[in-house]
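Descriptive analysis of the structure
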Amino acid sequence: MEINNCIICGKNSFETLLNSPKAMSSDMRILPLEINKEGCTYCGFVRSTSIDFLEGFYQNDYSLNNENLDPIQIYNGQKFQRSEIIFDWIMDFLSKDTAFMSSYESVIEIGCGSGNLLERFKSKKLFGIEPNKSSFEICSQKFPSKNIFFEELSENTKFDLIISVCVIEHTLNPLSFLEKCKNILADDGYIILILPIQDLKSYDPFFLDHLHHFSKNHIIKLLNSLNLHCVNSKLGYKCIEDQGVFFIKKTGQLITNNLD
């Protein structure tokens, strides 16, 4: 990866945190690939320094959620499908916005996998983006989909609800990713951003294909730089203990967080 300034604070002072000749990918495989991570000495943002493995990785090699399976998770002794937990997490907040709930129509999920979460938004205009070929073959049978990377999506169509679950940490440029989300978001719509958050206990930095590692303050600062407004956020939900959700609009009360 080309050496450049930190996307959070703009400084260019990094220290090596991890270097190993073998790596684990987020689909739980051990790979004979070198993993290198470095941290910003000013704001603590962590990033990968090598992306050579990425060519064809998500289209052909990535095995997470490329079957029509919805993992079962246990919470308080009860079984839940993972998509059910994430859907409830989202609706815990959205259901309070009665004006939005009564009017929104179009929903797009970026990196929709086999479509288990997206299809829970019933009676809406659903659209999925999924680069993995196996996952795309499944989700395309459920709703209109495209087998492309998000960067390739046209900005001509606007969506009322944009959902991104554990995607931004995989992107080459998180700022460009958020800006694209902003460009396809309807004026009164929401971006739902879910991702691993380093304020919580997490082994996320040990994943080869997670290129960026954020705290809550890092995400807030990125959103502020694009004039996007985080109107609510929550870290952890039920048995999802290492991720945070951010509800984002083009307008609204701006949350300001200081970076220590």
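Residues numbered from 1 in each chain as written. Predicted model: local features only at pLDDT ≥ 70, side-chain atom pairs only at ≥ 80, totals over all residues. Heavy atoms only, no water.

This paragraph deals with the overall build of the chain. When helices and strands are counted, the chain shows six helices and 15 strands. A total of 260 residues make up the chain; the buried ones form 49% of that total. In the chain, 65% of the contacts between residues at least 6 apart in sequence involve partners at least 24 apart. Surface exposure of the chain reaches about 12,600 Å², of which carbon and sulfur atoms provide 48%. Of the side chains in the chain, 25 bear a positive and 33 a negative charge, and the two mean positions are spaced by 5 Å. (Helix = DSSP H or I, 4+ residues; strand = E, 2+ residues; numbered from the N terminus. Buried < 20%, exposed > 50% of the residue type's maximum accessible area, 1.4 Å probe, protein only. Contact = heavy atoms within 4.5 Å. Areas by Shrake-Rupley, 256 points an atom, 1.4 Å probe, with all protein chains shown as cover. Lys, Arg positive; Asp, Glu negative; His and termini not counted. Charge placed at Lys NZ, Arg CZ, Asp CG, Glu CD.)

Quick look at the side chain of Ser 83 now. Within the fold, Ser 83 resides in helix α2 (residues 82-94). Here Ser 83 falls in the buried class, since its relative accessible area comes to 4%. Those residues within four positions of Ser 83 in sequence are excluded, and the remaining contacts are Asp 70, Asn 116, Leu 117 and Arg 120.

Let's shift gears to the pairing of strand β12 (residues 185-196). Burial runs high along β12: 10 of the 12 residues are buried. Direction of pairing for strand β11 (residues 159-165) relative to β12: parallel, over a ladder of six bridges. When the sheet's bridge partners are listed, Val 165 is paired in β12 with Ile 194. Handedness of the β-α-β unit built from β11, helix α5 (residues 174-184) and β12 comes out right-handed. (Pairing = 2+ DSSP bridges. Right-handed = clockwise from strand over helix to strand, strands pointing away.)

Glancing now at unusual backbone geometry. For Asn 227, which is not glycine, the phi torsion reads 60° and is therefore positive. On the secondary structure map, Asn 227 appears in the loop between α6 (216-225) and β14 (229-237). Positive phi, normally seen in glycine, also occurs at Lys 238, with a value near 50°. With respect to the helices and strands, Lys 238 occurs in the loop between β14 and β15 (240-249). Here Lys 238 falls in the partly exposed class, since its relative accessible area comes to 28%.

Moving on, we get to the sheet that holds strand β4 (residues 35-40). Adjacent strands of a sheet form backbone hydrogen bonds with each other and so pair up, either parallel or antiparallel. Taken in spatial order, the four strands line up as β1-β4-β5-β13 in an open sheet, and their pairing is antiparallel. The open sheet has two free edges, formed respectively by β1 (14-20) and β13 (212-213), since each of these has just one partner strand. For β1 and β4, the ladder comprises six bridges, and the chain directions are antiparallel. Bridge assignment links Asn 19 to a residue of β4, and that residue is Asn 36.

With that out of the way, let us pick up α5. The set of residues buried in α5 consists of Pro 174, Phe 177, Leu 178, Lys 180, Cys 181 and Ile 184. Taken around the axis of α5, the buried residues stretch over an arc of 155°, which confines them to a single face. Residues of α5 that are buried in the fold lie against β8 (106-110), β11, β12, β13 and α6. The distance from a side-chain oxygen at the start of α5 to the backbone nitrogen of Leu 175 is 3.1 Å, and the residue carrying that oxygen is Asn 173. (Arc of directions from axis to C-beta. Polar contact = N/O pair within 3.5 Å; in protein donor to acceptor, adjacent residues only side chain to side chain.)

Let us look at the pairing of β11. Along β11, seven of the seven residues are buried, which leaves the element largely enclosed by surrounding structure. Sheet analysis places β8 next to β11, joined by four bridges and oriented parallel. Directly across from Glu 109, in β11, lies its bridge partner Ile 163.

Summed over all chains, the structure comprises zero disulfides. Take Cys 9: it sits in no disulfide, and the sulfur closest to it among the cysteines is that of Cys 40, at 3.5 Å. Cys 166 provides the cysteine sulfur closest to Cys 239, a residue in no disulfide bond, and the two sulfurs are 13 Å apart. (Disulfide = S-S within 2.5 Å.)

This part covers the sheet that holds β11. Spatially, seven strands are ordered β10-β9-β8-β11-β12-β15-β14 in an open sheet, and the strand pairing comes out mixed. Whereas interior strands pair on both sides, the edge strands pair on one side only; in this sheet they are β10 (145-146) and β14. Two strands pair when backbone bridges link them, and β8 and strand β9 (residues 125-129) are joined in this way by five bridges, in the parallel orientation. Counterpart to Ser 106 in the pairing with β9 is Lys 125. The sheet strands contacting α2 are β11, β12, β14 and β15, and the helix crosses β15 at an angle near 40°. Each of β8, β11 and β12 touches α5; the most contacted strand, β12, lies at about 150° to it. (Axes fitted to C-alpha atoms, helices over the stretch in contact; angles between N-to-C directions.)

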